[in-house]
Amino acid sequence: MARAPLSRSRVPAWVPASEVRGEGIFLRVSDELMADWEQRVAGSAALAAHRDAYVEFRRNRYSGRVEDTDDPLRGWPGARYIALHTLSHLLIRAISLECGYSSASLSERIYAGRDDDRRTGILIYTAVPDAEGTLGGLVALAEPEKFSRVVRRALHDAERCSSDPLCADRLPRPPHEDFLHGAACHVCLFVSETTCERGNRFLDRRFIVPIDDPDLVLLQGLK
């Protein structure tokens, strides 16, 4: 396949790009809070079910291309990612009711480091090539009082799902059920494919709100 140069000169003075306008909210979760939560859930049956489901999913997806010596958890995002990703979806659904954007217009970026990388953050943003990305409604919700209200509303809504108890009791159970989420469904957590960076995988309400075991909850005591 022949490649066409971008310009006549060896070093082009321009590159293809598009200009977008947008705004967003960045939320950082306390390192101490996250580290304490990771210790509490490390040996839980719920997290073990998520790990086992991922191993089975990877084995099925890369059947014939995965060597026996490969790490079965290669690419596993970790417990921290599941908690932050779930919280992100809850916030997106709550924010969309107040900021003027639909949930499909919002996007997420999860910063969930592992081992020595202790990043713990969520970026919820919108970026479009027209003036709609500068409405200001998203940034306005970042004020402490307003954002606290949004967080509490998101957690309150997550405690109940109209698909409960089926949703609340759900855990990945390979090989009979080929999915990578726990207590999550279209009613309570799923968002559009344009919004979620993982295709609505790695989600579980039980790690954010007390739907079965209170010890699994990240934000304990927050009402």
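Please refer to the structure higher up on the page.
About the criteria used
- Residues numbered from 1 in each chain as written.
- Predicted model: local features only at pLDDT ≥ 70, side-chain atom pairs only at ≥ 80, totals over all residues.
- Heavy atoms only, no water.
- Helix = DSSP H or I, 4+ residues; strand = E, 2+ residues; numbered from the N terminus.
- Buried < 20%, exposed > 50% of the residue type's maximum accessible area, 1.4 Å probe, protein only.
- Contact = heavy atoms within 4.5 Å.
- Areas by Shrake-Rupley, 256 points an atom, 1.4 Å probe, with all protein chains shown as cover.
- Axes fitted to C-alpha atoms, helices over the stretch in contact; angles between N-to-C directions.
- Left-handed = near helix turned anticlockwise from the far one by under 90°.
- Nonpolar A, V, L, I, M, F, W, Y, C, P; charged D, E, K, R; others polar.
- Pairing = 2+ DSSP bridges.
- Expected span 1.5 Å × (residues − 1).
- Arc of directions from axis to C-beta.
- Phe/Tyr/Trp six-rings, centres within 6.5 Å; stacked < 30°, edge-to-face > 60°.
- Lys NZ or Arg CZ within 6 Å of the ring centre and 35° of its normal.

**Some thoughts on the overall build of the protein chain**
Next up, step 1: When its secondary structure is counted, the protein chain shows 6 helices and 3 strands.
Next up, step 2: Moving toward the C terminus, one meets the helices and strands of the protein chain in the order β-α-α-α-β-β-α-α-α.
Next up, step 3: Taking all 223 residues of the protein chain together, 42% fall into the buried category.
Next up, step 4: Within the protein chain, counting contacts between residues at least 6 apart in sequence, those at least 24 apart form 68% of the total.
Next up, step 5: Summing over all exposed atoms, the protein chain offers an accessible surface of approximately 12900 Å²; the carbon and sulfur share of this is 50%.

**Let's talk about the packing of helix H1 (residues 31-41) against helix H3 (residues 79-95)**
Next up, step 1: One can describe the packing of H1 onto H3 by two numbers: an axis separation of 10 Å at closest approach and a directional angle of 115°. Classified by chirality, the crossing of H3 by H1 is right-handed. Along the contact surface, H1 presents Met-34, Trp-37, Glu-38 and Val-41, while H3 presents Ala-79, Arg-80, Ala-83 and Leu-84.
Next up, step 2: Its residues placed into classes, the contact of H1 with H3 shows 6 nonpolar, no polar and 2 charged.

**Thoughts on the sheet that holds strand E3 (residues 120-128)**
Next up, step 1: Spatial ordering of the open sheet is given by E1-E3-E2, a layout of 3 strands whose pairing is antiparallel. Each edge of the open sheet is held by one strand with a lone partner, namely strand E1 (21-28) and strand E2 (107-112). With strand direction ignored, the average angle separating the axes of adjacent strands in the sheet is 15°.
Next up, step 2: Of the pairings in the sheet, the one linking E1 to E3 comprises 8 bridges and is antiparallel in character. Along E3, the bridge assignment pairs Gly-24 with Tyr-125.

**Digging into helix H5 (residues 144-158)**
Next up, step 1: Between its first and last C-alpha atoms H5 spans 21 Å; for 15 residues at 1.5 Å apiece the expected length is 21 Å, and the two agree.
Next up, step 2: Among all positions in H5, only Phe-147, Val-150, Val-151, Ala-154, Leu-155 and Ala-158 are buried. Summarising the axial view, the buried residues of H5 lie within an arc of 130°, below the 170-degree limit, and thus occupy one face. In H5, the exposed residues that point more than 90 degrees away from the buried face are Glu-145 and His-156.
Next up, step 3: For H5, the elements touching its buried residues are E1 and H3.

**Let's talk about helix H2 (residues 45-61)**
Next up, step 1: The terminal C-alpha atoms of H2, which comprises 17 residues, lie 24 Å apart, in line with the 24 Å expected from a rise of 1.5 Å per residue.
Next up, step 2: Taken as a whole, H2 has its buried residues at Ala-46, Leu-47, Ala-49, His-50, Ala-53, Tyr-54, Val-55, Glu-56, Phe-57 and Arg-58.
Next up, step 3: Considering only its buried residues, H2 is in contact with H1 and H3.

**Concerning the packing of aromatic side chains**
Next up, step 1: Counting across every chain of the model gives 6 aromatic pairs.
Next up, step 2: With a centroid separation of 5.7 Å and an interplanar angle of 85°, the aromatic rings of Trp-37 and Phe-207 are classed as edge-to-face. A residue pair is termed long-range when its members are at least 10 positions apart, and Trp-37 in helix H1 and Phe-207 in the segment after helix H6 (166-169) qualify at 170 residues.
Next up, step 3: Owing to a relative accessible area of 0%, Trp-37 belongs among the buried residues under this scheme.
Next up, step 4: Relative accessible area serves as the criterion here: at 1%, Phe-207 is assigned to the buried category.
Next up, step 5: For the pair Tyr-81 and Phe-202, a centre-to-centre distance of 6.3 Å together with 90° between the ring planes defines the contact as edge-to-face. Of this pair, Tyr-81 sits in helix H3 while Phe-202 sits in the segment after H6, placing them 121 residues apart in sequence.
Next up, step 6: The exposure class assigned to Tyr-81 is buried, which follows from its relative accessible area of 5%.
Next up, step 7: Aromatic ring contacts, followed pair by pair, group Tyr-54, Trp-76, Tyr-81 and Phe-202 into a single cluster.
Next up, step 8: If you follow Arg-198 out to its NZ or CZ, it ends over the ring of Tyr-81, 5.0 Å from the centre.

Everything listed here is a matter of coordinates, which is why it stays silent on function.
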